[in-house]
Amino acid sequence: MHRERVSENVYWFQSEIYAQVTAGVIVGPQWAVLIDTLALPEESLSIRDFVEHEIGVEVRYIINTHYHADHTWGNCFFPGAMVIAHELCRKFLEERGIPSMETARRQNPAFKQVKMVLPHFTFSGGTMNLRVGKKNLTLLPTPGHSLDGISVLVEEDRVLFAGDAFMPLPYIVDGDADDITTSIRKISRMGLENIIQGHGDIVLRGEIDAAVKENLLYLTNIRKVAKTATRRREAEDYMEDNGVEACGKSRVYLGGLAKELHIRNLRSLYQQEKKIHEK
Ligand SMILES: [Zn+2]
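These lines cover the structure that appears in this document, whether it is placed above or below.

Thresholds, definitions, all that
- Residues numbered from 1 in each chain as written.
- Predicted model: local features only at pLDDT ≥ 70, side-chain atom pairs only at ≥ 80, totals over all residues.
- Heavy atoms only, no water.
- Core = buried A, V, L, I, M, F, W, Y, C linked by side-chain atoms within 4.5 Å.
- Buried < 20%, exposed > 50% of the residue type's maximum accessible area, 1.4 Å probe, protein only.
- Helix = DSSP H or I, 4+ residues; strand = E, 2+ residues; numbered from the N terminus.
- Contact = heavy atoms within 4.5 Å.
- Pairing = 2+ DSSP bridges.
- Salt bridge = Lys/Arg side-chain N within 4 Å of Asp/Glu carboxyl O.

## Some words on the nonpolar core
In this structure, L160, F166, L169, I187, L192 and I195 are the most contacted members of the largest nonpolar core, which totals 41 residues. At the level of secondary structure, the elements contributing two or more residues to this core comprise α4 (177–188), α5 (205–229), α6 (235–241) and α7 (258–278). In terms of residue count, the dominant contributor to this core is α5 (ten residues). Ignoring sequence-local partners within four residues, the contact set of I187 consists of T142, L160, A162, A165, F166, L192 and I195. By size, the runner-up hydrophobic cluster in this structure holds 27 residues, among which are L38, V59, F77 and A81.

Shown next, in the form of structure tokens:
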């Protein structure tokens, strides 16, 4: 696991095991707020170890940016913490998270010890604020990667933990391409120092405009490819031929997952396009 200090009392963690997924910690004088957990128990436990032993406080609140397993399944390793999320995050964890965790527990020994911890506090519209020490955190909806997506702004530092609304490769299979476009535009207008992506590296101030442009262009391109594919007899081949780079993205690492995420994006948009034509 990589760890970095982003600003005073703000830390960032990145998995070396799964898809460069990230988490964050904001430290106050008596307790800390954790933003997301990492994919595997051992990595969430090493965050806890760092917060409790090197900083010397406990995590009192966990904010889940969305319900996907790689961001939420470590909630159970902070038994004293209250979990905050979007109302839909709680609903999706209950309806989809619990059964998929049951399966994972049976099939993968690494997940034997995980338990589902559902959010205690939820919100849906508007924003929510949480004060930790001298920092004000604003939680705001940023859907598109999933319907329940939220971001967390550390106001004093202009640092945004964007969850998967901002990724090196936008991923919309469980969400909506229009919604994520709106969310990315909203993020681009926030005047940020850093964007902490849900996966991948931190985007620094000087890199934000280019990253926003590239993500928006990618979204436009994949929609075009999916649309064209509906008019081709060999649709799957056409999509395979239009790889990540042809759609305007290069050097995306994501633990080797980029190619797979990209083709899933195309297939999902293609299915949507076909449905529209069938109507
Ligand atoms: Zn994720």
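## Considerations on the sheet that holds strand β9 (residues 135–141)
Each strand in a sheet pairs with another by means of backbone hydrogen bonds, the pair being arranged parallel or else antiparallel. Read across the open sheet, the six strands follow the order β8-β9-β10-β11-β12-β13; overall the sheet is mixed. The strands lining the two open edges of the sheet, one partner per strand, are β8 (128–132) and β13 (203–204). When strand β10 (residues 150–154) meets strand β11 (residues 159–161), the two strands line up antiparallel, connected through three bridges. Its bridge partner lying in β11, L153 is registered against L160.

## Observations concerning the pattern of salt bridges
Applying the stated rule across the entire model yields eleven salt bridges. Note that R131 is salt-bridged to E156, the shortest N-O span being 3.8 Å. Placement of the pair is R131 in strand β8 and E156 in the loop between β10 and β11, with a sequence separation of 25 residues. For E156, a relative accessible area of 40% gives the class partly exposed. Taking the shortest distance from any N to any O, the salt bridge between D157 and K135 comes out at 2.6 Å. A residue pair is termed long-range when its members are at least 10 positions apart, and D157 in the loop between β10 and β11 and K135 in strand β9 qualify at 22 residues. The exposure classification of D157 matches that of K135, with both residues buried. Residues joined by salt bridges that share partners form a network here, namely E236, E240 and R267.

Read these as geometric descriptors, not functional statements.
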